Every structure is written in structure tokens, then in C-alpha cells.
Amino acid sequence: MRWVTALAFAAALGAPAMAGGLNQTPGRLHNAYGPRGVVHTSLTAVVTTKGVLRRGIGAVSAAPTDDGPGTYAVVFDRNISSCAFVATVGEPDSEGSQPAASTTVVGLNGNPSGVYVTTSTPTGRLRNMPFHLDVGC
Amino acid sequence: MRTAILLLCACFATAASAAPLSGWAVISPDGEIVRSSHAVGASNNGSGIYIIEFARAVQHCAFTAALGDEAGQTPAGYVTVAAAFQDPTGVYVTTFDAGGAMVNRGFHLNVRC
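Residues numbered from 1 in each chain as written. Chains lettered and ligands numbered in written order. Predicted model: local features only at pLDDT ≥ 70, side-chain atom pairs only at ≥ 80, totals over all residues.

### Brief notes about the overall build of chain B
To keep things clear, this is the line we draw: A run of H or I in DSSP counts as a helix once it spans at least four residues, and a run of E counts as a strand once it spans at least two, with each numbered from the N terminus. The burial criterion counts other C-beta atoms lying within 10 Å of a residue's C-beta, which is placed from the backbone; the residue is buried at 20 or more, exposed at 12 or fewer, and partly exposed between these limits. Residue pairs qualify as contacts under a 7 Å threshold applied to their C-beta atoms, which are placed from the backbone.
Counting its secondary structure elements, chain B contains one helix and eight strands. If you list the helices and strands of chain B from N to C, you get α-β-β-β-β-β-β-β-β. Split into buried and exposed, the 113 residues of chain B put 35% on the buried side. Within chain B, contacts between residues separated by at least 24 positions form 52% of all contacts whose residues are at least 6 apart in sequence.

### Notes on the pairing of strand β8 (residues 107-112) of chain B
Residues and elements named next belong to chain B. This is how it is decided: Following DSSP output, two strands are said to pair if at least two bridges run between them.
By the criterion of burial, β8 is predominantly enclosed, with five of the six residues buried. Of the strand pairs in this sheet, strand β1 (residues 23-27) and β8 are connected by five bridges, and their pairing is antiparallel. Looking across to β8, one finds that G23 is bridged to V111.

### Things to note about the nonpolar core
The following threshold applies: The nonpolar core is taken to be a set of buried Ala, Val, Leu, Ile, Met, Phe, Trp, Tyr and Cys residues joined by way of C-beta atoms within 7 Å.
Counting residues in each nonpolar core, the largest one holds 49 residues, and the members touching the most others are V74 and L133 of chain A together with I52, V91, V93 and L109 of chain B. The greatest single-element share of this core, amounting to five residues, is contributed by strand β6 (residues 77-83) of chain B. Beyond its immediate sequence surroundings of up to four residues, V91 of chain B is in contact with I52, V58, F63, V81, A83, A84, L109 and V111 of chain B.

### Some thoughts on unusual backbone geometry
Residues and elements named next belong to chain B. At H38, a position not held by glycine, the phi torsion is positive, near 75°. Topologically, H38 is positioned in the loop between β2 (33-37) and β3 (39-44). Of note in the backbone geometry, Q86 takes a positive phi value of approximately 50° without being a glycine.

### Here's the deal with the environment of L21 of chain B
Residue and element names in this part refer to chain B. Its location among the elements puts L21 in the loop between α1 (2-18) and β1. A sequence separation of 92 residues divides L21 from C113, and the C-alpha atoms of the two residues are 5.9 Å apart. In this structure L21 touches H38, F54, A55, R56, V58 and C113, once residues within four positions along its chain are discounted.

### A word on the pairing of strand β3 (residues 59-64) of chain A
Residues and elements named next belong to chain A. As judged from the five bridges shared by β3 and strand β4 (residues 71-76), these two strands associate in the antiparallel manner. Residue pairing for β4: A59 is matched across the bridge by F76. Between β3 and β4, which pair antiparallel one after the other, the connecting turn spans six residues, and G68 there sits at a positive phi close to 120°.

### Focus: the sheet that holds strand β7 (residues 90-97) of chain B
Within a sheet, adjacent strands bond to each other through the backbone by hydrogen bonds, running parallel or antiparallel. All names here are of chain B. Heads up, the rule is: For helices, the axis comes from a line fit to the C-alpha atoms of the stretch in contact; other axes are also lines fit to C-alpha atoms, and the angle between any two N-to-C directions lies between 0 and 180 degrees.
Spatially, the four strands line up as an open sheet ordered β3-β4-β7-β6, and their pairing is antiparallel. What marks the edges here is a single partner per strand, and that holds for β3 and β6. Strand after strand, the sheet turns through a mean of 20° between neighbouring axes, direction not considered.

### Let's talk about the sheet that holds strand β5 (residues 84-89) of chain A
Residue and element names in this part refer to chain A. With antiparallel pairing, four strands are arranged side by side in an open sheet as β2-β1-β8-β5. The open sheet is flanked by β2 (53-57) and β5, the only strands paired with a single partner. In this sheet, adjacent strand axes meet at a mean angle of 15° when their direction is disregarded.

### Describing the environment of V46 of chain A
In this structure, V46 of chain A sits in strand β1 (residues 42-47). Given 28 C-beta atoms within 10 Å, V46 of chain A falls into the buried group. Residues V46 of chain A and A87 of chain A lie 41 residues apart in sequence; the distance between their C-alpha atoms is 9.5 Å. Excluding residues that lie within four positions of it along the chain, V46 of chain A makes contacts with R54, R55, G56, P92 and H132 of chain A together with A62 of chain B.

Written out as C-alpha cells, the structure reads:
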């Protein structure tokens, strides 16, 4: 009985965090960032100038592509072809900073688990730069 | 029963403090927090240079940002990100105009851990 009471108390403590997860398909829940009843999966990748995957959530690889400078392929551990991709040029770590630059994103051709990222200077020239990528599903 | 409750409370507290922190912030051009989740401070440290402080370490997270203010239209420009130097809870954000010059701009920052 004591344990039942304790578990009920614990459930009450955890209820606010779990409320959005009821009756939902499995997924990583970020309840604080969306309306209740919505499962939001957020995957990330932080990629160096050379295309090395530095860290991430669900990311399994990154590499420069054969298309030339400033083009990268990032692959995740699941199908993300129905997700939204957002990327920002930025240092992977805490030393230095990047000059003005922009990114574009699109699903990786022929790979439903991949994202194709380009990094460009303000003049529109493709150039290798590190970036942070967020995939929201 | 007290022991059981205390143990469970301790487990929850430990899980909460160890859990990676995701958050976000909307920052005005002068470096003030317009609204946020888990951001505890922001500063404008020079033209187009901002440091946003979060409640827990974020240096191993991914940061994405876009220019944008609380209201009105933001001129075209660029934004880049990095972990703040020797500051595990900080994100270093730089903002630029369309020509690549560092200028103050409002922005929206997302931190995923």
C-alpha cells in the first residue's frame, strides 16, 4: 500500500511532463514546445567545415558531396522525408565565429534518411562552412 | 513511506537536472529577451554580437537561428551561431546586414539537445 501511494505521488509529479504523450504514436516528445497532443521529434546534427559529423541527435553520418564546395549530405537513423529542415552556419564549438553566410536545405536525392545542405557567402558563392542542422518531424 | 517518497522525489530531481536542456529565445536588436524558454539572460556585446545564457549547459547542443524581431519587418541579412567561449551555458550569435557587415538585428534562436 505504501508503495502504491508513493507511485501515485510520483505519477502526479510526472503528470505535467507526460500529459502531452497520452494516446500518441511513439516519438521523442518535446511537450514544452508544441500544443498538447502533438508529438514532435527533433533530430540534430552539428557538422564541421570538412563535413565531419561532430555531434547530433539521430544523425549517423555527414560528408561533403561531389557537387563541389559548400555542399553536404547528412544522414539520420530514420526516414525524415516528411520533416522540416532548418540549418544555420555556425562553429561546432566555442572558439571563433563565422562570417555572414547562408544555408539552403532539401531532402537528399535517393535517400529518405538524408538532408542535402549548401552553405554560401553573401555573394552567393558556395563555400565550405560548418553548420548546425535541426530536423523537426 | 516517507523514505519511498523521498527516494522517488530524488530520482525525479536527478533526472531533471541531468536531462539535456532544449530551449529557445527571441532576442531584440538591443539584446533583450523578448520571450524564451529556459533563457536566463542576453547581452549585446558590440555591433551584431550577442550572448544568450541558458539555465543549463548547452555547449553540446545544436543551435539554429533566423533573423526576426518582435514585430515589424527585419531587413535582409545573415545570422551565424557558436557555443560561447568558455561559457558552457552560453550561445554566441552574430548578425549581419545583406552586405555581410555586422549590425544589430533581432533574431530567433533554437537550442536542441
